[in-house]
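Residue-level structural notes
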Amino acid sequence: MKKIVINGGRPLKGEVVVSGAKNSVVALIPAIILSEDVVTLDGVPDISDVASLIDIMEVMGATVKRDGDSLEIDPSGVQSMPMPYGKINSLRASYYFYGSLLGRFGEATVGLPGGCDLGPRPIDLHLKAFEAMGARMTYEGNSMHLTTDGQGVHGAVIYMDTVSVGATINTMLAAVKAKGKTVIENAAREPEIIDVATLLNNMGAHVRGAGTDVITIEGVERLHGTRHQVIPDRIEAGTYIAMAAAVGEGVKITNVLYEHLEGFIAKLEEMGVRMTVSEDSVFVEKQVSLKAINIKTAPYPGFATDLQQPITPLLLKAEGRGLIMDTIYEKRVNHVPELARMGAGITTIGHQISYEGPSDLHGAQVKATDLRAGAALVTAGLMAQGQTEITNVEFILRGYSNIIDKLRNLGASIDLIED
Ligand code: UD1
């Protein structure tokens, strides 16, 4: 067990470079199974979800070489084998093995995905798409077996009842080598979907419309190797921007794609956050006064659910009352009692979060209940007077590349301790 210890109240100053996007790379790695030759990814974040995916790929027969932030994967030796237990259950994104194995072998046996507990997280839309493409499924213990009886998947028109990032990407993975044409209607439009489509197209696939709500995929016989730069992590960027606004005295966040963060930055501007935005960086000044605002999450380009928790400590610095409503995961409120333990004026009313600021936070022993709640607690710890101890930090290390070093370089007093 590891814990993070923060001595709060120190200002952050300097520059922090954003790593490659977690939610892209966790799909890009399984996507490589569809290639017949080596694929190299550059800008791969140093997070435990990536380490888990590498382990799974190696068990399946891939050869993986890591050199700094580059990952070279030779998938030619991958076998169709059941992947029921262990690492599969450690992350949500293991559901992408359904799509990629189905696309390559016409069958897949994969354990049910794990990941952060944000309330019910069904995968019915993924399975509905695979069925429409000719797969039959059976549950075997904690695993799902998909088969096409040796026929391989075929194209289909699929309407997504809910806008889903995972189901959209998974359908693309299954469809790129399918017989015929697949159309995904009401597709999610997140930047990570465009990133996966770009990799697939550079491998020889015919994916059109990624980034819009209708994606068309013409199946091809074979996919080949390529080299791909992972897009910057917009959620990590947003987290550091919020931290810089909360406790910074001049912080430049670089490797940022402004167009991926427009909604988030607009809300910070509404709060009165002083910053200078350029094409690939955001400079956040020391703040003078901030105004309370309401946040309502929505699918991209709306306010990202993944940034709702990381922005909460900053909201606590603002003057006045506000509400946070998460329309994607209404149970994503586990950071609230932990922040209250640190002295925050925050509570839940039904599925909404209500806060009143400004709150003076003090150090406390708190628990990271999920990845983004953990990021919120790190920010709160930096803001608080005294020492904060965060347990369950494995969640944080799943998604924030080198967070301890990055914050230390900005002047934070933060340590990762093996308990
Ligand atoms: C992805 C992200 C996660 C982010 C979320 C929403 C990854 C690995 N994770 O998760 O960080 O918080 O998008 O932006 O990229 N739903 C169904 N049935 C399904 C699938 C989803 O009802 O089959 C519902 C979900 O419960 C949720 C909504 O659809 O309410 C959106 O979920 P989805 O976009 O699929 O989230 P993930 O792809 O799992």
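First, a word on what this report is: a plain description of the structure on this page. (Residues numbered from 1 in each chain as written. Predicted model: local features only at pLDDT ≥ 70, side-chain atom pairs only at ≥ 80, totals over all residues. Heavy atoms only, no water.)

Considering the overall build of the protein
Secondary structure assignment for the protein yields 13 helices and 23 strands. Expected size for 419 residues packed as a compact globule is a radius of gyration near 22 Å; at 21 Å, the protein falls within 12% of this value. Viewed in the frame of its principal axes, the protein has a C-alpha envelope of about 65 × 45 × 40 Å. Just so you have it, the protein exposes about 16,000 Å², and 47% of that area is on carbon and sulfur atoms. In the protein, which carries 37 positive and 50 negative side-chain charges, the distance between the mean positions of the two groups comes to 2 Å. (Helix = DSSP H or I, 4+ residues; strand = E, 2+ residues; numbered from the N terminus. Rg over C-alpha atoms; globule rule 2.2 N^0.38 Å. Areas by Shrake-Rupley, 256 points an atom, 1.4 Å probe, with all protein chains shown as cover. Lys, Arg positive; Asp, Glu negative; His and termini not counted. Charge placed at Lys NZ, Arg CZ, Asp CG, Glu CD.)

Here we look at the sheet that holds strand β3 (residues 39–42)
Sheet architecture is open: four strands sit in the order β4-β5-β3-β13, paired in mixed fashion. Since the sheet does not close on itself, it has two edges, and those belong to β4 (63–67) and β13 (226–229), each with one partner. On average, each strand axis in the sheet is inclined to that of its neighbour by 15 degrees, with strand direction left out of account. Note that β4 and strand β5 (residues 70–74) share five bridges and pair antiparallel. Its bridge partner being in β5, Arg-66 is matched across the sheet by Leu-71. Against the sheet, helix α1 (residues 22–31) makes contact with β3, β5 and β13, and its axis sits at roughly 170 degrees relative to β3, the strand it touches most. Running at roughly 150 degrees to β4, helix α2 (residues 48–60) makes contact with β4 and β5 of the sheet. (Pairing = 2+ DSSP bridges. Axes fitted to C-alpha atoms, helices over the stretch in contact; angles between N-to-C directions. Contact = heavy atoms within 4.5 Å.)

Some thoughts on the environment of Pro-82
Topologically, Pro-82 is positioned in the loop between β5 and α3 (96–105). For Pro-82, a relative accessible area of 53% puts it in the exposed group. For the pair Pro-82 and Ser-143, spaced 61 residues apart in sequence, the C-alpha to C-alpha distance is 8.8 Å. (Buried < 20%, exposed > 50% of the residue type's maximum accessible area, 1.4 Å probe, protein only.)

Quick look at the side chain of Ser-70
By the element assignment, Ser-70 lies in strand β5. Reaching out from Ser-70, the side chain makes a polar contact with the side chain of Asp-42 at a distance of 2.6 Å. Setting aside chain neighbours within four positions, we find Ser-70 in contact with Leu-41, Asp-42, Lys-65 and Arg-227. (Polar contact = N/O pair within 3.5 Å; in protein donor to acceptor, adjacent residues only side chain to side chain.)

So, the pairing of strand β10 (residues 181–185)
Within a regular strand, the side chains alternate between the two sheet faces. Taken together, the three bridges between strand β9 (residues 157–159) and β10 define a ladder with parallel strand orientation. Bridge pairing in β10 places Ile-158 opposite Ile-184. This β-α-β element, β9 to helix α5 (residues 165–175) to β10, shows right-handed connectivity. (Right-handed = clockwise from strand over helix to strand, strands pointing away.)

Quick look at the nonpolar core
One finds Ile-29, Leu-41, Leu-71, Phe-97, Met-172, Leu-200 and Val-207 to be the most contacted residues of the largest nonpolar core, which totals 73 residues. Contacts of Leu-71, omitting those with residues within four sequence positions, involve Ile-29, Val-39, Thr-40, Leu-41, Val-44, Val-50, Ile-54, Val-64, Lys-65 and Arg-66. Counting 71 residues, the second largest nonpolar core, distinct from the first, contains Ile-295, Leu-316, Ala-368 and Ile-403. (Core = buried A, V, L, I, M, F, W, Y, C linked by side-chain atoms within 4.5 Å.)

Describing unusual backbone geometry
Omega for the bond connecting Tyr-300 with Pro-301 falls within 30 degrees of zero, at 10 degrees, which places this linkage in the cis form. For Pro-301, the location among the structural elements is in the loop between β17 (295–296) and α9 (305–315). Gly-357 connects to Pro-358 through a cis peptide bond whose omega is 0 degrees. Summarising the element assignment, Pro-358 is placed in the loop between β20 (352–357) and β21 (365–367). In this model, Asp-149 sits at a positive phi of 50 degrees, which is unusual for a non-glycine residue. When you line up the elements, Asp-149 lands in the loop between β8 (143–147) and β9. For Asn-402, which is not glycine, the phi torsion reads 50 degrees and is therefore positive. Structurally, Asn-402 can be placed in the loop between α12 (394–397) and α13 (403–409).

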